[in-house]
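Single-letter residue listing:
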Amino acid sequence: MRTRGAVIRQAPGKYEVVDLELDSPRTNELTVKMVASGLCHSDDHIASGDHGVGRYPICGGHEGAGIVVEVGPHTQGWAEGDHVIFSFLAACGRCRWCASGIQNLCDNGAAIMTGGRPGEVESFRMSLDGEPVSQTCGLSTFSEYTTVSTLSAVKVDKHLPLETLCLLGCGVGTGWGAAVNSAEVYPGQTVIVMGVGGIGINAVQGAAHAGASHIIAVDPVEFKRESALKFGATHAVSTMEEATEIARSFTNGQGADSAIVTVGVTTGEHVAQAFSSIRKAGTCVVTGLGKMTDIGIPVSLLELTLYQKRIQGSLFGASNPTADIPWMIDLYTSGKLNLDGLITNRYTLDTINDGFADMHAGRNLRGVINF
């Protein structure tokens, strides 16, 4: 079938909406009519060239939800009309990591940016003028229709609002889990969240849900600081210096129990600032992405060893999407997780670049494309 999708032909570049050819689903695949897609900074990293991909052109988008319109042959457990949220990390359920309850590190992740099918990296579902087109994370949610692996889809009740729940495919779980899973926040703690965009605002929510007494949001953009206070932050400041001073005032000069780095383009210096802000045996969680060629974090090895501090990477909030996406839906429907307030502006596929411009200008917590 034919579909319209937003592609990057080369990096650096801008998204361009084009007509694409889309394969019908094979066994264990679904063709989905998209309802909504979040605009994540990771998709902008592809456009800027910060993150390389296996093949251009690539159809963007990895945070989305939609309705199944065709099921591949011999694919059990799925039917036309099913509502799905995508997980940007396909979980096989069988590898060492999935079997250990660490689905976010599934072996399928090794081929996440090749653009091809899981296990068949040279097999592509999309094409443009006869040439293969990669799919971001095997999904390409910036397309009116897409064909995906069932390993990337989580079925949800049909009465739920996909226009909002699309955010559970990346940003919400990544931020929430960075606090709850990776930082292991517990009641009474002091937490710094560095960068309060689409990921950081959910780290604020996660820290609040975990019972932190003091949540200090850091962002140079006033709109984001004001938003953080509405999502559970107790303080909101523009610099890490201010945040560190506040944290120490609550901890007898020791520093925060954890600092979570969710800056859109993360550098080693950001991590070093967060590392300096935490107490002995504290945790610095890094979930923001930077240039793939950047190497090095300027931290004191003496401080790392003698203060027993921990630098913890966090992919998708260390979550298990097949379990955690339904769990977060329950939190949302019970009023304990604010998803509606995350969506600042909505766009059409044709205005996708306006959405990324608003992201860069600091006008969005999360922009969403409605189809």
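Since the model is a prediction, treat every value here as computed from it, not as a measurement.

Novice: So what about the nonpolar core? Which residues, and what values?
Specialist: Membership of the largest hydrophobic core comes to 45 residues, with the highest contact counts inside it found for Ile-85, Leu-165, Leu-168, Val-172, Ile-260, Ile-329 and Leu-339. Excluding residues within four positions of it along the chain, Leu-168 makes contact with Ile-85, Phe-316, Ile-325, Met-328, Ile-329 and Leu-339. Formed by 18 residues, the second largest nonpolar core is a distinct cluster that contains Ile-192, Met-240, Ala-243 and Ala-274.

Novice: I'd like a description of the packing of aromatic side chains, backed by residues and values.
Specialist: This structure, assessed with the given rule, holds five aromatic pairs. Between Tyr-15 and Phe-142 the ring centres are 5.4 Å apart and the planes differ by 85 degrees, which places this aromatic pair in the edge-to-face class. One end of the pair, Tyr-15, is in the loop between β1 (2-8) and β2 (16-22); the other, Phe-142, is in the loop between β8 (131-135) and β9 (145-149), with 127 residues separating them in the sequence. Here Tyr-15 matches Phe-142 in class, with each residue buried. Geometrically, the ring pair formed by Trp-176 and Trp-327 is edge-to-face, given 6.3 Å between the ring centres and 80 degrees between the ring planes. With Trp-176 in helix α4 (residues 171-182) and Trp-327 in helix α10 (residues 321-333), this pair connects stretches of sequence that are 151 residues apart. Take Trp-327: its relative accessible area is 35%, and that puts it in the partly exposed class. By the ring-pair criterion, three or more aromatic residues cluster together here, those being Tyr-15, Phe-142 and Phe-356. The ring of Trp-78 carries Lys-155 above its face, with NZ or CZ at 5.0 Å from the centroid. Directly above the ring of Phe-275 sits Lys-309, whose terminal nitrogen or CZ lies 4.8 Å from the centroid.

Novice: A description of the pairing of strand β15 (residues 278-286) should follow, citing residues and the corresponding values.
Specialist: In this sheet, β15 lies alongside strand β14 (residues 256-261) in parallel orientation, the contact comprising five bridges. Paired with Ala-259 across the two strands is Cys-284, which belongs to β15. With helix α8 (residues 268-277) bridging β14 and the parallel β15, this β-α-β connection has right-handed handedness.

Novice: Please set out the sheet that holds strand β12 (residues 214-218) residue by residue, giving values where relevant.
Specialist: Taken together, the six strands give an open sheet; going across it, the order is β13-β12-β11-β14-β15-β16, and neighbouring strands pair in parallel fashion. If you trace the sheet from one side to the other, it starts and ends with β13 (235-237) and β16 (310-313), each paired once. Averaged over neighbouring strand pairs, the angle between their axes works out to 20 degrees when direction is ignored. As paired strands, β12 and β13 are joined by three bridges and run parallel to one another. Each bridged residue has a counterpart across the sheet, and for Ala-217 the counterpart in β13 is Ala-236.

Novice: Just give me the short version of unusual backbone geometry, but keep the residues and values in it.
Specialist: The step from Ala-11 to Pro-12 runs through a cis peptide bond, and the omega angle for that step is -5 degrees. Between Tyr-56 and Pro-57 the backbone carries a cis peptide bond, its omega angle lying at 0 degrees. Relative to the helices and strands, Pro-57 resides in the loop between α1 (41-48) and β4 (58-59). We note that Asp-129 has phi near 55 degrees; this positive angle belongs to a residue other than glycine.

Novice: Report on a nonpolar patch on the surface, specifying residues and quantitative values.
Specialist: On the surface, Leu-302, Leu-306 and Tyr-307 cluster together into a nonpolar patch covering about 350 Å² of accessible area. Following the sequence through the fold, Tyr-307 ends up in the loop between α9 (301-306) and β16. Note on Tyr-307: relative accessible area 42%, which makes it partly exposed.

Novice: Got a sec to walk through the environment of Val-261? Specific residues and values, please.
Specialist: By the secondary structure assignment, Val-261 is in strand β14. With a relative accessible area of 0%, Val-261 lands in the buried category. Between the C-alpha atom of Val-261 and that of Ser-314, which follows or precedes it by 53 residues, the distance is 9.8 Å. Setting aside chain neighbours within four positions, we find Val-261 in contact with Met-194, Thr-266, His-270, Val-271, Ala-274, Cys-284, Val-285, Val-286, Thr-287 and Gly-288.

What counts and what doesn't
Residues numbered from 1 in each chain as written. Predicted model: local features only at pLDDT ≥ 70, side-chain atom pairs only at ≥ 80, totals over all residues. Heavy atoms only, no water. Core = buried A, V, L, I, M, F, W, Y, C linked by side-chain atoms within 4.5 Å. Buried < 20%, exposed > 50% of the residue type's maximum accessible area, 1.4 Å probe, protein only. Contact = heavy atoms within 4.5 Å. Phe/Tyr/Trp six-rings, centres within 6.5 Å; stacked < 30°, edge-to-face > 60°. Helix = DSSP H or I, 4+ residues; strand = E, 2+ residues; numbered from the N terminus. Lys NZ or Arg CZ within 6 Å of the ring centre and 35° of its normal. Pairing = 2+ DSSP bridges. Right-handed = clockwise from strand over helix to strand, strands pointing away. Axes fitted to C-alpha atoms, helices over the stretch in contact; angles between N-to-C directions. Patch = residues over 30% accessible without salt bridge, like charges linked within 9 Å, V, L, I, M, F, W, Y side chains within 5 Å. Areas by Shrake-Rupley, 256 points an atom, 1.4 Å probe, with all protein chains shown as cover. Salt bridge = Lys/Arg side-chain N within 4 Å of Asp/Glu carboxyl O.

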